[in-house]
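Structural overview
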Amino acid sequence: MANKRDYYEVLGLDKGASDADIKKAYRKLAKKYHPDVNKDADAEDKFKEVNEAYEVLSDKQKKATYDQFGHAGMDGAQGFGGQGFSDFGGFEDIFGSFFGGGFSGSSRRRNGPQKGQDRFMQMRVDFMDAIFGKSEEVSLEVDETCSECSGTGAKSKDDVQTCPTCNGSGRVVTQQQTAFGVFQSESVCPTCNGTGTIIKNKCSKCHGSGYEHKHVKLDIKIPAGIQSGQQIRVTGKGEKGVNGGPNGDLYIEILVAPHKNFIREGNDIRIQVPISDVDAVLGTSIDVPTVYGDVSLKIPAGTQSGTKFRLKGKGVKSPKGYIGDQYVDVKVEMPKKLSKQQKDLYEKLRKSAKYESPFEKFKKAFK
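Scoring rules and cut-offs
- Residues numbered from 1 in each chain as written.
- Predicted model: local features only at pLDDT ≥ 70, side-chain atom pairs only at ≥ 80, totals over all residues.
- Heavy atoms only, no water.
- Pairing = 2+ DSSP bridges.
- Helix = DSSP H or I, 4+ residues; strand = E, 2+ residues; numbered from the N terminus.
- Axes fitted to C-alpha atoms, helices over the stretch in contact; angles between N-to-C directions.
- Patch = residues over 30% accessible without salt bridge, like charges linked within 9 Å, V, L, I, M, F, W, Y side chains within 5 Å.
- Areas by Shrake-Rupley, 256 points an atom, 1.4 Å probe, with all protein chains shown as cover.
- Salt bridge = Lys/Arg side-chain N within 4 Å of Asp/Glu carboxyl O.
- Buried < 20%, exposed > 50% of the residue type's maximum accessible area, 1.4 Å probe, protein only.
- Expected span 1.5 Å × (residues − 1).
- Arc of directions from axis to C-beta.
- UniProt positions renumbered as here; feature names shortened; annotations may be inferred.
- Core = buried A, V, L, I, M, F, W, Y, C linked by side-chain atoms within 4.5 Å.
- Contact = heavy atoms within 4.5 Å.

Quick look at the sheet that holds strand E14 (residues 308–311) now. The four strands lie next to each other as E10-E11-E15-E14, forming an open sheet whose pairing is mixed. One side of each edge strand has no neighbouring strand; the edge strands of this open sheet are strand E10 (263–265) and E14. Here the strands of the sheet are splayed against their neighbours by 30° on average, with no regard to which way each runs. Taken together, the four bridges between E14 and strand E15 (residues 326–333) define a ladder with antiparallel strand orientation. Following the sheet pairing, Leu311 is matched in E15 by Gln326.

To continue, consider a nonpolar patch on the surface. Residues Val278, Val281, Leu282, Met334, Leu338, Tyr346, Leu349 and Tyr355 make up a contiguous nonpolar surface patch of roughly 750 Å² in combined accessible area. When contributions to the nonpolar patch are tallied by element, the ones reaching two or more residues are helix H9 (277–282) and helix H10 (340–351). For the nonpolar patch, the leading source of residues is H9, giving three residues. As for its position among the elements, Leu282 is in helix H9. The exposure class of Leu282 is exposed, given its relative accessible area of 61%.

Let us look at helix H2 (residues 19–33). In this model H2 runs 21 Å from its N-terminal to its C-terminal C-alpha over 15 residues, within 8% of the 21 Å that 1.5 Å per residue would give. The complete set of buried residues in H2 reads Ile22, Ala25, Tyr26, Leu29, Ala30 and Tyr33. The arc enclosing the buried residues of H2, seen along the axis, measures out at 130°, which places them on a common side. Residues of H2 that are exposed and point more than 90 degrees away from the buried face comprise Ala20, Lys24 and Lys28.

Residues annotated by UniProt as "repeat: CXXCXGXG motif" (unreviewed entry) correspond here to residues 146–153, 163–170, 189–196 and 203–210. For residues 189–196, helix accounts for 0% and strand for 0%, while the C-alpha atoms at its two ends are 8 Å apart. Overall, residues 203–210 shows 0% helix and 0% strand. The separation of its end C-alpha atoms is 8 Å.

All right, on to the nonpolar core then. Among the nonpolar cores identified, the biggest contains 20 residues, and Ile275, Ile286, Val288, Leu297, Ile299, Val328 and Val330 are the most heavily contacted of them. Those elements giving two or more residues to this core turn out to be helix H8 (127–132), strand E11 (268–276), strand E12 (284–288), strand E13 (295–299), E14 and E15. At four residues, E11 tops the list of elements feeding residues into this core. Among residues more than four places away in sequence, those in contact with Ile286 are Val273, Ile275, Val295, Ser296, Leu297 and Ile299.

Right under this line is the structure:
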C-alpha cells in the first residue's frame, strides 16, 4: 500500500477534479497503455494502475472515502476490473475514440462496385515515329466484363441474392469475452467474400466470375510530337473491377529512342554539321538534313567553328500545334593531311604581306 501512487497523480489530475475530467483523463491513458496497443514491457502494469485509479475516482462513494482516508480507506473496497470498463462504456469504446468510430467504423470497406487498379507498361518508339506519330499494335491479357451476364456472374438478375450471413453488408462482427471486457472485431464475410450478395445460379459463360479472360490486340495511336516520359491512356484495359465495377485504365509510358544525328530539346532540334576550313573562310551553301528533308543553308565567309544557325519552323510540331525550330551547330574541321599543292597554297597565304595570324594579333594585346 505504501508503494501505491496517488490515484489523482496516476491520472494526471489535481484533487477535486470533475467527473468529466476524470473520465477524459482515463480515456486518454487507457488508450495509451492498453497492452494491445502499447508493446512496452511495463504497459500492462500501467494500464492496470490507470484502471484501478479510475474505478475508485469514478465512483462517488469510493472517491469520497479515498479523498478522506487515502489508500488506507480502500482496503477491500474495490477489486481490479470491477466496474471501470462498464462505467466507461466497454473496452470497445476505448478504440472507438482511438480509431475514430470503433473497429466497425475504421475497418469497414465498401461492398459496392469499385473500379479496378490501373496498369502500366512502357513502349519504345523510334525517333521519327515520335516526331510524326504512328499507330502501334500491342498484345494484352485482359479481364473484360462478361458479355453474357454483364458482370453480375449470375445466370439471371433473379439469381443475385442478398447474403444471409452478413445481410448484404459484406462484413461480419464477432465478439469475444476477455478479462478486460468484450472485445469486438469485424472482418470480411466468409460467405460472400465481402460482396454482400450470393449467386444462386452462376453464368454458364464466366462461371460466376463476371469476367472473361481475353488475349486482345490494340492499335495504340502515338500522337505526333510525343516525348519520352509522356503517357498514353487506354480506358478500361487495366485490372478488373471489384463487385462488378469497371476495369481500371492502361497507361503506356513512351520511351523515344535517340537519333544518331538529331538531338531533341523540347520542340527544337539540334544537329552538328562539319564544314571544311576553306568553306568556312570563303563561304558556301550546304544542304542541311532536317526531319522534313534537306534544307539549303548559306554559310557566310569567315564563319567560325561553333557558330549556330537557325532554321525556323523545322523543329517538332507539338500536339497543341506549336512548331519548334532546328538549330545547326557548325564545326570547322581542319585537314590532317595535305598534298604538296595544298601546302604550297598555305605557305603563299602565310607569306602574303596582308596576312596576320591569330596568334600575332593576340601578342599585340600585350605590347
